[in-house]
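Structural characterization, general
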Amino acid sequence: MGYMYYGSQGYELEIDDRPLSHLKIALLSMLRAERCVAFTMQRPNSSGGGRETLWITPHTDLRLRFIGSRPPSINEDWVKLLIASASTPPRMRLCTEPVPTRTLQARTPPIRC
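Described below are features of the structure shown in this document. As the structure is a computational prediction, the values presented were derived from the model and not from experiment.

Quick look at the packing of helix α1 (residues 17-32) against helix α2 (residues 76-85)
Two quantities define a packed helix pair, namely the angle between the axes and the distance from one axis to the other. Where α1 meets α2, the closest approach of the two axes is 9 Å, and the angle between their N-to-C directions is 55 degrees. On the basis of their axis angle, the class for α1 and α2 is oblique. Note on packing geometry: the crossing formed by α1 with α2 is right-handed. Between α1 and α2, the residues in contact are R18, P19, H22, L23, I25, A26, S29 and M30 and W78, V79, L82 and I83, respectively. Of the residues assigned to the contact of α1 with α2, the class counts are 9 nonpolar, 2 polar and 1 charged.

So this is what it looks like as structure tokens:
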């Protein structure tokens, strides 16, 4: 289980590590392109239930924390589906992982500035 912290107050959303890894790639891709994102997710019953939408801009404080020690393999189709969902009326949301046609191995690239 991982966490997404949103805003200057560090509002916390609990999301499993695997979907969070894919959401991270989708969100960062859009934010790098200077696009704002409305992200909607279902709230667990333990947190009061319902759904919640966050407005995320390139200037939003956003932090992702993963509990697992190893990054998962990345399903490129899932990342594309998450990005595509940002253009739909309910906006970006975590959807069910599709069967991958291509899987990328997660790796840490060298940092170049």
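That was the structure; now back to the text.
Focus on the side chain of D17
Structurally, D17 can be placed in helix α1. Of the side chains bearing the opposite charge, R65 lies closest to the buried D17, which forms no salt bridge; the N-O distance is 8.4 Å. Here the side chain of D17 touches G68 through a polar contact of 2.6 Å, landing on its backbone nitrogen. The residues contacting D17, other than those within four sequence positions of it, are M1, G2, R65, F66, I67 and G68.

A few points about the sheet that holds strand β1 (residues 2-6)
Spatial ordering of the open sheet is given by β2-β1-β5, a layout of 3 strands whose pairing is antiparallel. The open sheet is flanked by β2 (11-15) and β5 (62-65), the only strands paired with a single partner. Adjacent strand axes in the sheet meet at a mean angle of 20 degrees, parallel and antiparallel pairs treated alike.

A look at the nonpolar core
In this structure, M4, L23, L27, F39, L54, I56 and M92 are the most contacted members of the largest nonpolar core, which totals 21 residues. Elements with a contribution of two residues or more to this core: β1, β2, α1, β3 (37-42), β4 (51-56) and α2. Among the elements that take part in this core, α1 stands out by supplying 6 residues, more than any other.

A few points about the pattern of salt bridges
Counted under the stated rule, the structure contains 3 salt bridges. Between R43 and E52 there is a salt bridge, with its nearest N and O atoms 3.1 Å apart. The salt bridge partner of K80 is E76, with a shortest N-O separation of 3.5 Å. One end of the pair is K80 and the other is E76, both in helix α2 and 4 residues apart, which spans about a single turn. Taking relative accessible area as the criterion, E76 reaches 18% and is therefore assigned buried.

The rules behind the values
Residues numbered from 1 in each chain as written. Predicted model: local features only at pLDDT ≥ 70, side-chain atom pairs only at ≥ 80, totals over all residues. Heavy atoms only, no water. Axes fitted to C-alpha atoms, helices over the stretch in contact; angles between N-to-C directions. Helix = DSSP H or I, 4+ residues; strand = E, 2+ residues; numbered from the N terminus. Parallel < 35°, antiparallel > 145°, perpendicular 65-115°, else oblique. Left-handed = near helix turned anticlockwise from the far one by under 90°. Contact = heavy atoms within 4.5 Å. Nonpolar A, V, L, I, M, F, W, Y, C, P; charged D, E, K, R; others polar. Buried < 20%, exposed > 50% of the residue type's maximum accessible area, 1.4 Å probe, protein only. Lys, Arg positive; Asp, Glu negative; His and termini not counted. Salt bridge = Lys/Arg side-chain N within 4 Å of Asp/Glu carboxyl O. Polar contact = N/O pair within 3.5 Å; in protein donor to acceptor, adjacent residues only side chain to side chain. Pairing = 2+ DSSP bridges. Core = buried A, V, L, I, M, F, W, Y, C linked by side-chain atoms within 4.5 Å.

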